[in-house]
Amino acid sequence: MERLSKQIVDKNSYSEKVVQFGEGNFLRAFVDWQIDVMNKADLFNGSIVVVQPIEHGLTELLDQQDGLYTLILEGIKEGKAVREKEIINSISRTINPYQDKEAFFALAKQPELAFVFSNTTEAGIVFEETDIQTDRLPRTFPGKLTAFLYERYLHFHADMTKGLAIIPCELIDRNGDQLKACIEKYIDLWALPAAFLDWLNHANQFCCSLVDRIVPGYPRDQATKIEHELGYHDQLMVVAEHYHLWVIEGDAELAAKFPANQIGLNTLFVEDLAPYRTRKVHILNGSHTALTPIAYLMGLNTVEEAIKNEKISQFLKQMINEEVIPSLPYDQSDLKAYTETVLERFENPYLKHQLMSIALNSVSKFATRDLPILLRYYEKTGALPEKLVFALAALLYFYDGKRGNETIALNDDPEILERFQKWWKTYDGSLESAHYLVSHALRKTKWWGQDLTKLEGLVKQVAEHLMRIDTNGIALALDHILEVKDHA
Ligand SMILES: NC(=O)c1ccc[n+]([C@@H]2O[C@H](COP(=O)([O-])OP(=O)(O)OC[C@H]3O[C@@H](n4cnc5c(N)ncnc54)[C@H](O)[C@@H]3O)[C@@H](O)[C@H]2O)c1
Ligand SMILES: O=P(O)(O)OC[C@@H](O)[C@@H](O)[C@H](O)[C@H](O)CO
């Protein structure tokens, strides 16, 4: 079978308006798709140069396909099951700056550039004091962007019309502000001129943004079947849901330059994205993180399987409605309506969203997505939210790394994995040893942002759940908390 390439589809010939740091599944199924849709409607007329932000990545595979790949959107659309497949043709070329630093810096000198997009995961927007300036390539993404912008500033002699709109998509709070703060630190560290800082501040725009689309990625299990239907080989096809939301803090002028919403795309330019972010992180991502250990330990593998399980679904609905929503400072009926859409998205029968991919770095995800709600609930009511406490216990149990006779492929910071391994060795089935394990884990300020053993009753409750999970199994332990609620 022939590989997807420009032999199959004519390549776009738009001018290069976008620099994109990152070539992962999410950007290809979201930003590159939106630009493709706008180009096809004659609204953007610009292409993307993809820059690989770390040494090893996918640019080589993209090059083999001339930057082309297939996006498969699956799910229920207006009440009907819809699977749409389209070839995305918005990437003009890729640059691997580790192999071709010159091409990377030459790109900075192209006058028609207007946007920088990025998604380098939560690990990408960082400042490292040991990062080097330009004799070699800076290691970090913000370091590379600083060097890139400096090159542009020098080349165009501080021309105020040559600044860029920089819109990061990383799922971290105030991503635009954090990226800019890193660049300012590099300017200081590398003693770059004050006039460059002035150009950075006045010619460029850093916009915080929030993205939402479930992107399970490459359809490993169905790839052969799909390629047969497509009639070509595509090593970069990517599966996503139809639903999409992009909220960008930006004004009407910026919206006019990126007119995605003019053709019905759900891309909003707003003054403040905090309400959108808060509800998404705590309702959608928080639910994913809370349900993953429970469902996986019950023998389930995907979000759809989990949500179809009556007990898990009941657990999740109670957790969101009784613990999460009342802890959020926004209109409660709006939050309930949003929850309905999230639960429908979780039920998407076409997406095989693997629990183990959500489980990656679960400790830090629990800390940012679920723990703030647990703490707010406690602060507000003086009581501990029982579903979130159970989810925390299931998380600690998950980090023992066993599902029956199977070993769980845990993927987290090595220090976290080592600690759990050590603590679980001390567990002997007694309540005292559960207490010992839980109090050591909850004392880790570095993981949770505070010493959680100080929360009255938390160690005791988590240890009791842990014992129940271990003795009776996760399903009965879950029944227990649902029954406690039923009898209340
Ligand atoms: N997959 C989804 O459903 C989804 C939805 C919304 C948001 N996201 C967010 O998008 C991020 C990327 O998801 P993905 O599915 O595209 O993953 P991916 O593994 O396909 O891509 C990861 C990208 O990040 C880059 N990267 C990784 N570590 C880096 C580092 N230390 N510095 C710089 N760049 C680095 C890689 O080069 C690659 O381009 C995730 O962190 C996730 O939070 C994912
Ligand atoms: O992508 P992660 O690993 O940060 O989190 C897992 C999921 O919660 C996440 O990918 C959601 O599906 C996504 O954020 C939906 O927009």
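None of these values were measured; they are calculated from a predicted model.

Peer 1: Honestly, the site of ligand 2 in this entry has me stumped. Any pointers?
Peer 2: Surveying the vicinity of ligand 2 reveals the residues Glu 122, Leu 171, Asp 212, Arg 213, Ile 214, Lys 280, Leu 284, Asn 285, His 288, His 353, Lys 365 and Arg 369. Separating an oxygen atom of ligand 2 from a side-chain N or O atom of Lys 280 is a distance of 2.7 Å. In the environment of ligand 2, an oxygen atom lies 2.9 Å from a nitrogen or oxygen atom belonging to the side chain of Asn 285. Considering ligand 2 on its own, with 400 Å² of exposed area, one finds that the protein chains cover 83% of that surface. Residue assignment for the shell around ligand 2 shows that the elements contributing at least two residues are helix H10 (274-297) and helix H15 (362-381). At four residues, the largest contribution of residues to the shell around ligand 2 is made by H10. When its residues are assigned to classes, the shell around ligand 2 shows three nonpolar, three polar and six charged.

Peer 1: How should I be thinking about unusual backbone geometry in this particular structure?
Peer 2: In the Ramachandran plot, Asn 45 falls in the positive-phi region, its phi being about 50° despite a non-glycine side chain. Looking at the element boundaries, Asn 45 is found in the loop between helix H2 (31-40) and strand S2 (46-51). For Asn 45, a relative accessible area of 31% translates into the label partly exposed. One non-glycine residue, Ala 191, lies in positive phi territory at about 50°.

Peer 1: Can you help me understand the domain arrangement of the chain in this one?
Peer 2: Where the parts come together, the accessible area they lose is often given as the size of the interface. The domain architecture assigned to the chain consists of domain 1 (15-270) and domain 2 (274-487). On a C-alpha basis, the centres of domain 1 and domain 2 stand 32 Å from each other. Domain 1 puts 23 residues into the contact, and the matching count from domain 2 is 16 residues. At the boundary of domain 1 with domain 2, total buried surface from both sides reaches about 1700 Å², with 60% on carbon and sulfur atoms. Connecting domain 1 to domain 2 are four salt bridges. In this structure, Asp 212 engages Arg 345 in a salt bridge whose closest nitrogen and oxygen atoms are separated by 2.8 Å. Counting every contact that joins domain 1 to domain 2 gives seven residue pairs in polar contact (both at pLDDT 80 or more).

So, how was this worked out
Residues numbered from 1 in each chain as written. Chains lettered and ligands numbered in written order. Predicted model: local features only at pLDDT ≥ 70, side-chain atom pairs only at ≥ 80, totals over all residues. Heavy atoms only, no water. Near = heavy atom within 4 Å. Polar contact = N/O pair within 3.5 Å; in protein donor to acceptor, adjacent residues only side chain to side chain. Areas by Shrake-Rupley, 256 points an atom, 1.4 Å probe, with all protein chains shown as cover. Helix = DSSP H or I, 4+ residues; strand = E, 2+ residues; numbered from the N terminus. Nonpolar A, V, L, I, M, F, W, Y, C, P; charged D, E, K, R; others polar. Buried < 20%, exposed > 50% of the residue type's maximum accessible area, 1.4 Å probe, protein only. Domains from an automatic or database assignment. Contact = heavy atoms within 4.5 Å. Buried area = accessible area lost by both parts, 1.4 Å probe. Salt bridge = Lys/Arg side-chain N within 4 Å of Asp/Glu carboxyl O.

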